[in-house]
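What follows is the residue order along each chain.
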Amino acid sequence: MSLADFFTPIDLEKIIPKEGYFTSHLGSKIDHYAVNFPDLEQKDIAIIGVLDDRNAINNPGCALGPDYVREKLYLLNEGGYKTKITDLGNIRQGKTITDTYFAVKTVVAELVKKGITPLIIGGGQDITYAQYMAYEELEQKVDLVIIDSRLDLNDDSGNEGIETTSVSYLNKIFMHEPNYLFNYSNLGYQTFFASQDSLRVMEKLYFDVHRLGELSGQITVAEPIIRNAGMVSVDIGAVRSSDAMGNANASPNGFYGEEACQLCRYAGFNDKLSSIGFYEFNPAYDSNGQTAMLLSQMIWYFIDGFYNRKKDFPLNPKSQYLIYKTSLKHDDHELVFVKSKKSDRWWMQVPYPTAGSKNERFHLVPCRYEDYKIAVSGELPDLWWRTYQKLT
């Protein structure tokens, strides 16, 4: 079975404006599936629409989102780089939701194997589960970052029959065996949407969850968290309704549109990231195409970050990095930090426990300059401790 078997072509009549595209528009640059399936040779990013919203709780209609986003995205101008992007069209709704998950999993895995970054648009956020399952097929550990106002975890975690939906897909990811999840982080959850049971689960598993208030007005705090991600999932409901009303579950509070764009640029800038999904956009609730435009701009910023990557991870050659060593107040333990000369970004070395990795002595975790300052003061950064516990 070829990848083309999973897709339906784009209906260009719905997307292309009457006057056509300028040569600078992405619509003129992106190789898309309208008649013949695109050649994947020498492509960097592949856009994938998903036409399935059966398990999008309280948000039916989000399966129609991909073409509305394309319409806006294709009208944006290419940045100061040469894009190598293909649009593979839409993954048709399977006979069952499981069939759709299988198609998404297979497509994402095949693209990642080819060194192409899948960019998923449309459907409910339960599609994140299929995006994650691709890494099982690839047999590689993955760090997952979710940008969402809610923790999509069903508190009835003892129920093995929990359905995979947009509000419970994390249960399936956390409980899946074999486990290919190394770390999970949430950016932008709002406490009144999160049960205390869910928060206790996150604390017990040493996962990183960050309230909207921690990030609002200081979005740079999110950069090292996103830099640690192998895959990212974005719920458009994480953006406040005044900036993104195209979602049946939209809320008055959330990230501003420009903050959402910055988060997406951080994701594109991440050398480690190999897939990203944008979910829950529902054109039925949009006003004058504003949410579709914001989502297309978020994707544009992801692309901009992607083509401005510094390629400073892994740390090679060593001459491009500065090593800083600090000692703690109350013991002889030494903390080691690494700073890139290219990007001024920081990493922290966390040693593997005795029974840890056979090939490496330490794990590198992205951090902030503030973590280094905490270590210089003689205290142990919380990030170091949480990472060590996960390695254990």
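Reference entry: report on the structure contained in this document. Note that the structure is predicted; figures quoted are calculated from it, not measured. (Residues numbered from 1 in each chain as written. Predicted model: local features only at pLDDT ≥ 70, side-chain atom pairs only at ≥ 80, totals over all residues. Heavy atoms only, no water.)

### Some details on the packing of aromatic side chains
Taken as a whole and judged by the stated rule, the model has 22 aromatic pairs. With centroids separated by 5.1 Å and ring planes inclined at 40°, the aromatic side chains of Phe174 and Phe207 adopt a geometry described as tilted. Note that Phe174 is positioned in helix H5 (residues 169-175) and Phe207 in the loop between helix H6 (196-204) and strand S8 (208-211), a separation of 33 residues in sequence. Here the two residues Phe174 and Phe207 agree in accessibility, since each one is buried. With 5.7 Å between their ring centres and 40° between their planes, Trp346 and Tyr369 make a pair best called tilted. A residue pair is termed long-range when its members are at least 10 positions apart, and Trp346 in strand S13 (residues 346-351) and Tyr369 in helix H11 (residues 369-376) qualify at 23 residues. By relative accessible area, Tyr369 is classed as partly exposed at 42%. Cluster of aromatic residues (ring-pair linked, three or more members): Tyr324, Phe337, Trp346, Tyr369 and Tyr372. The ring of Phe193 carries the charged tip of Arg150 above its face, separated from the ring centre by 3.8 Å. One Lys or Arg, Arg227, reaches over the ring of Trp347 and ends 4.8 Å from the middle of that ring. (Phe/Tyr/Trp six-rings, centres within 6.5 Å; stacked < 30°, edge-to-face > 60°. Helix = DSSP H or I, 4+ residues; strand = E, 2+ residues; numbered from the N terminus. Buried < 20%, exposed > 50% of the residue type's maximum accessible area, 1.4 Å probe, protein only. Lys NZ or Arg CZ within 6 Å of the ring centre and 35° of its normal.)

### Examining the nonpolar core
If you look at the biggest cluster of nonpolar residues, it comprises 51 residues, and the most contacted ones within it are Leu187, Val232, Leu263, Phe278, Met298 and Phe302. Ranked by residues supplied to this core, first place goes to helix H10 (residues 290-306) with eight residues. Excluding residues within four positions of it along the chain, Leu187 makes contact with Val145, Ile146, Ile147, Asp148, His210, Leu215, Ala222, Ile225, Ile226, Phe255 and Leu263. (Core = buried A, V, L, I, M, F, W, Y, C linked by side-chain atoms within 4.5 Å. Contact = heavy atoms within 4.5 Å.)

### Regarding unusual backbone geometry
The amide bond that connects Glu177 to the next residue, Pro178, takes the cis arrangement and shows omega of 0°. With respect to the helices, strands and loops of the structure, Pro178 is situated in the loop between H5 and strand S7 (181-189). With a phi angle near 60°, Asn58 is a residue other than glycine that sits in the positive phi range. Its place among the elements puts Asn58 in the loop between strand S3 (45-50) and helix H2 (65-73). In the Ramachandran plot, Glu139 falls in the positive-phi region, its phi being about 55° despite a non-glycine side chain. Within the secondary structure, Glu139 is located in the loop between helix H4 (127-138) and strand S6 (142-147). For Glu139, a relative accessible area of 62% puts it in the exposed group.

### Quick word on the sheet that holds strand S11 (residues 321-327)
Spatially, the four strands line up as an open sheet ordered S11-S12-S13-S14, and their pairing is antiparallel. Taken across any chain shown, the strands that pair with only one partner, and hence form the sheet edges, are S11 and strand S14 (362-367). Neighbour-to-neighbour, the strand axes of this sheet turn through a mean angle of 30°, independent of strand direction. Pairing of S13 with S14 involves six bridges; the strand directions are antiparallel. Residue Trp346 lies in a different strand from S14, and its bridge partner there is Cys367. Strands in contact with H11 are S11, strand S12 (334-340), S13 and S14; relative to S11, the strand with the most contacts, it is inclined by about 35°. Contacting S12, S13 and S14, helix H12 (residues 382-391) runs over the sheet at an angle of about 45° to S13. (Pairing = 2+ DSSP bridges. Axes fitted to C-alpha atoms, helices over the stretch in contact; angles between N-to-C directions.)

### Focus on the pairing of strand S10 (residues 275-279)
Within S10, five of the five residues are buried, which leaves the element mostly enclosed by the surrounding structure. Residue alternation in S10 divides its side chains into two sets, Ser275, Gly277 and Tyr279 and Ile276 and Phe278, and both sets are buried. Where strand S5 (residues 117-121) and S10 come together, three bridges link them in parallel fashion. Pairing of Ile121 across the sheet is with Phe278, part of S10. Taken together, the five bridges between strand S9 (residues 231-235) and S10 define a ladder with parallel strand orientation. From the neighbouring strand, Val234 faces S10, where its bridge partner is Phe278. Where the polypeptide runs from S9 across helix H9 (residues 257-269) and back to S10, its parallel neighbour, the crossover connection is right-handed. (Right-handed = clockwise from strand over helix to strand, strands pointing away.)

### Quick notes on the packing of H9 against H10
Contact geometry of H9 with H10 gives a least axis separation of 6 Å together with a crossing angle of 30°. The interaxial crossing formed by H9 with H10 has right-handed handedness. From H9, Gly257, Ala260, Cys261, Cys264, Arg265, Ala267, Gly268 and Phe269 reach across to H10, where they touch Leu294, Gln297, Met298, Tyr301, Phe302, Asp304, Gly305 and Phe306. Classifying every residue of the contact of H9 with H10 by side-chain character gives 10 nonpolar, four polar and two charged. (Left-handed = near helix turned anticlockwise from the far one by under 90°. Nonpolar A, V, L, I, M, F, W, Y, C, P; charged D, E, K, R; others polar.)

### Quick word on the pattern of salt bridges
Enumeration according to the criterion identifies 18 salt bridges in this entry. In this structure, the salt-bridge partner of Lys339 is Asp344, at a minimum N-O distance of 4.0 Å. Residues joined by salt bridges that share partners form a network here, namely Glu223, Arg227, Asp271, Asp312 and Arg345. (Salt bridge = Lys/Arg side-chain N within 4 Å of Asp/Glu carboxyl O.)

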